[in-house]
2 protein chains.
Amino acid sequence: MLPSSALDFFTALVGKENLYSDKAHLIAYSYDATREKFQPDAVLFPRHEQDVSDILKYCNEHRIVIVPRGAGSGFTGGALPSSGGIVLAFEKHMNKILEIDMQNMVAIVQPGVINMELQRAVEEVGLFYPPDPASQEYSTIGGNVNENAGGMRAAKYGITKDYVMAIRAVLPNGDIIKAGKRTIKDVAGYNIAGILIASEGTLAVTTEVTLKLLSKPKMTKTAMGIFSSVHEAMEAVYKTMSSGVTPVAMEFLDNLTIRAVEQVYHKGLPIEAGAILVTDVDGNLEDDLDFQLGIIAKVFSENGCNEFKIAQNKQEAANLWFARRNASQSLSVYGSKKINEDVTVPRSALPQLLEKFNAIALKYNINIPCFGHTGDGNVHTNVMVDGKNPQQVKIGYEAIKEVFQATIDLGGTLSGEHGIGLAKAPYMSMAFTPEEMALFQSIKRAFDPNNILNPAKMGLS
Amino acid sequence: MLPSSALDFFTALVGKENLYSDKAHLIAYSYDATREKFQPDAVLFPRHEQDVSDILKYCNEHRIVIVPRGAGSGFTGGALPSSGGIVLAFEKHMNKILEIDMQNMVAIVQPGVINMELQRAVEEVGLFYPPDPASQEYSTIGGNVNENAGGMRAAKYGITKDYVMAIRAVLPNGDIIKAGKRTIKDVAGYNIAGILIASEGTLAVTTEVTLKLLSKPKMTKTAMGIFSSVHEAMEAVYKTMSSGVTPVAMEFLDNLTIRAVEQVYHKGLPIEAGAILVTDVDGNLEDDLDFQLGIIAKVFSENGCNEFKIAQNKQEAANLWFARRNASQSLSVYGSKKINEDVTVPRSALPQLLEKFNAIALKYNINIPCFGHTGDGNVHTNVMVDGKNPQQVKIGYEAIKEVFQATIDLGGTLSGEHGIGLAKAPYMSMAFTPEEMALFQSIKRAFDPNNILNPAKMGLS
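A. Highlighting the confidence of the model for chain A. Confidence along chain A averages 96 in pLDDT terms, with 100% of residues attaining 70 or more. Across the whole predicted complex the pTM is 0.97, and at the interface the ipTM reaches 0.96.

Set out below in structure tokens:
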């Protein structure tokens, strides 16, 4: 509970309309996409950067915990106030696109801007912001930056960190800093923006982001390959990616996922197929797209692809994408509880990774349907169990631990895009040495000596 | 001076053949491209990562300064042992390409590998490592990473940081850490690789780097545009870069630079031209290259380009590039001392920046020829004075301070690619607030509490 003096201070600072402390609102800000719940003591809506600075300075002096929050769409609890304190929310005021600079191909935005809103605004003027997390319709740029969000187009265009040129932020002591510039090159001083990206709101509060934009490619084409085995499909993935073309997306569904989508939607999907790959290519010339698709078709056919379809129009493209876009929600046919992870390995390890997952599923007698962003080695791994059966849930978490171990053994990472937050904190010691954890901890202390900013996340104290 | 006990420890550790402490060798390791000189107390050649760890642990316990050094080709003194101590050099042992992983399009190299050696090795197997600093024939990947080196191809392909996937490093206390993975995505833990890049060897010693590779584009074409005014050329630069094509390089020479090259080489250059732009485009299809050149030709002609030449073969391309490649060394016609900086601004500010430089040159009655990587806003700015005339040198440094101020006023940075080191340390307070400098200092302390690693660089203590 916050002392009333603190509530008085905040009310005087931001106005009572920008402070929630009633039960209903506190509950509304107590959860995220993990479905875990932790109630904050208050929710504050800063009007501008100076409010953020004043709030942090006060909280630092009074040792009050602050948890910055985007849309609460995270899968790992990064925005959950697990130690209570104040949730800092940006959707009321700090949610503006401040500038689209067409001459320098840069956008400057506040943290509360929704990803898709930015994409639409820049596309209207012929520009392109590639990072497209599945949450793009509601997740915010502030959250995207703090989790270093990925997406379907990462295979060609990279992830959020590849577009962040500068970050304005407030340190826990209230200091306002700017890291980076509206320039492609900048090597003066430490790369503070680099360390703030993916720091899950544990080091500073982001108040403004400068993002690199690209020219919007004039056209996109979609193709789908149907494979008899998942092993061959995974071989086709890494061979395509090293073939000289770089597809925008190279997404996959395994047999269990195909069957689930078919069971729910009855689209006539090939339920005997070992895997489906869906791919997009883009560019400015029809010939170039056909050149790319030609290479992909060749690599696919040399690696067990039985059927290769190229969409001839937008409707056909949407049809080819249907199964992939509806994969996640279809998986409930396998159980009421889905423990979904986003492990990522070097692409050449994908065939082995999926074999290992298969062995884990057999060992525990559970289903582990997989789909995802194989173009960058990122597999959405879904351990499905009966959520009402505690024994099943226990088995599910044992299987997940083996999923992580298999991933790490193949040179992979606990998380390709969801982050660590609370959900994966227990597994950090599998992935990092005590020396590496000690370094994380000393960086946390350097920014936040009183540990007021999003404490207990990422396995840090 | 090192105590003899330290020399004994190091001799026993690495062998006497890997320790230099004689006068001649100490002098050989006392300088870099700045021509400043600071003699180290010893030079050590670690055989492997464990040597680096043992050396740092000992030095940390005994408070002995360590300065990691690549090829000593830096322009800002980053590798100079300005506080004495030990120079750590990698050219004897830790200079191997450990692996070129074609399946994942990744190279794993030791810090002493020379940039061009890596470029050649990966091109032999059809892959591509884009960062190409002017020092590429001798500078090392370790140095490139620690300075975040750029190059001509940055306009399209970005800079060193865009290719670093993972770094193995030794912390000042001897701890060995690995930051990052052989995966495109990795959001577990803080982005340590991100903060190590461009840290100028002040935070950790790099022992291994994992670099992203691309497929080598099948073809490149070169074109040159001759402009009557530098202002129009700079307009053409930013308009081209936002036109929907992204040239590999977009380099420029101003009138003074054109005249200098002509005076030295007599190539029939257009000495009345306000500026020359030289550009490369690349791709896999002839049509695509012609499409790109068509757009560039159009933008150029709309912005004061009098003559546009497209090279028809390699020899013609080399001719178009001749003036740019020989710009730097030709400038001595304007004076014996060149104070050369690598300021960078948002591209749209280039016309104003060059106007301001012109005003500074007029004010001090000196020549400031400029050339460089305008495709990314990076201008090599050369204040030319008579090095034997102390009054002229003093004027030169007054002019440089105004060059930095003009750059900062236009949203630019002190350094696009050379770093801060010693040479630009006095100007850090022009570019960063006391709060930002305090943050840099606290990060330095978090990694290196005893300040043994490359102290006094970047304006830090």
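Having seen the model, we can carry on.
B. Main features of the packing of aromatic side chains. All names here are of chain A. In this structure the tally under the stated criterion is 28 aromatic pairs over all chains. Between Phe 9 and Phe 10 the ring centres are 5.6 Å apart and the planes differ by 75 degrees, which places this aromatic pair in the edge-to-face class. The class for Phe 9 is partly exposed, based on a relative accessible area of 30%. The buried category is assigned to Phe 10, whose relative accessible area is 1%. Where Tyr 129 meets Tyr 163, the ring centres are 6.0 Å apart and the plane angle is 75 degrees; that geometry is what we call edge-to-face.

C. Here's a closer look at the relation of the copies chain A and chain B. After a rotation of 180 degrees and a shift along the axis of 0.0 Å, chain A superposes on chain B with an RMSD of 0.0 Å. Taken together, the rotation and translation describe the operation of a two-fold axis. Taking C-alpha positions as reference, the residue of chain A nearest the rotation axis is Gly194(A), located at 2.4 Å. Most of the interface of chain A is mirrored in chain B: 100% of its interface residues are interface residues there too.

D. How the structure looks around the pattern of salt bridges. Residues and elements named next belong to chain A. Applying the stated criterion across every chain, the model contains 48 salt bridges over all chains. One salt bridge connects Glu 137 with Arg 120, and the closest N-O pair in it is separated by 3.5 Å. One end of the pair, Glu 137, is in the loop between strand S7 (127-128) and helix H5 (141-147); the other, Arg 120, is in helix H4 (residues 115-124), and 17 residues separate them in sequence. For Glu 137, a relative accessible area of 46% puts it in the partly exposed group. Residue Arg 120 is classed as partly exposed on the basis of its relative accessible area of 47%. The structure contains a network of salt bridges with shared partners spanning Glu 99, Asp 101 and Arg 182.

E. Representation of the domain arrangement of chain A. Residues and elements named next belong to chain A. Here the domain parsing of chain A yields domain 1 (4-89), domain 2 (97-215) and domain 3 (219-328). Measuring from the centre of the C-alpha atoms in domain 1 to the corresponding centre in domain 2 gives 22 Å. For the pairing of domain 1 and domain 2, the buried interface totals around 1200 Å² over both sides, and the portion due to carbon and sulfur atoms is 62%. Notably, a salt bridge pairs Glu 49 with Arg 168, separated by 2.8 Å at the nearest N-O pair. Applying the counting criterion to the domain 1 and domain 2 interface returns 3 residue pairs in polar contact (both at pLDDT 80 or more). For the side of domain 1 that touches domain 2, the element with the highest residue contribution is helix H3 (residues 49-62), accounting for 7 residues. When the residues that make up the side of domain 1 that touches domain 2 are grouped by side-chain class, the tally is 5 nonpolar, 7 polar and 2 charged.

About the criteria used
Residues numbered from 1 in each chain as written. Chains lettered and ligands numbered in written order. Predicted model: local features only at pLDDT ≥ 70, side-chain atom pairs only at ≥ 80, totals over all residues. Heavy atoms only, no water. pLDDT = per-residue confidence, 0-100. Phe/Tyr/Trp six-rings, centres within 6.5 Å; stacked < 30°, edge-to-face > 60°. Buried < 20%, exposed > 50% of the residue type's maximum accessible area, 1.4 Å probe, protein only. Least-squares fit on C-alpha atoms with pLDDT ≥ 70 in both. Contact = heavy atoms within 4.5 Å. Salt bridge = Lys/Arg side-chain N within 4 Å of Asp/Glu carboxyl O. Helix = DSSP H or I, 4+ residues; strand = E, 2+ residues; numbered from the N terminus. Domains from an automatic or database assignment. Buried area = accessible area lost by both parts, 1.4 Å probe. Polar contact = N/O pair within 3.5 Å; in protein donor to acceptor, adjacent residues only side chain to side chain. Nonpolar A, V, L, I, M, F, W, Y, C, P; charged D, E, K, R; others polar.

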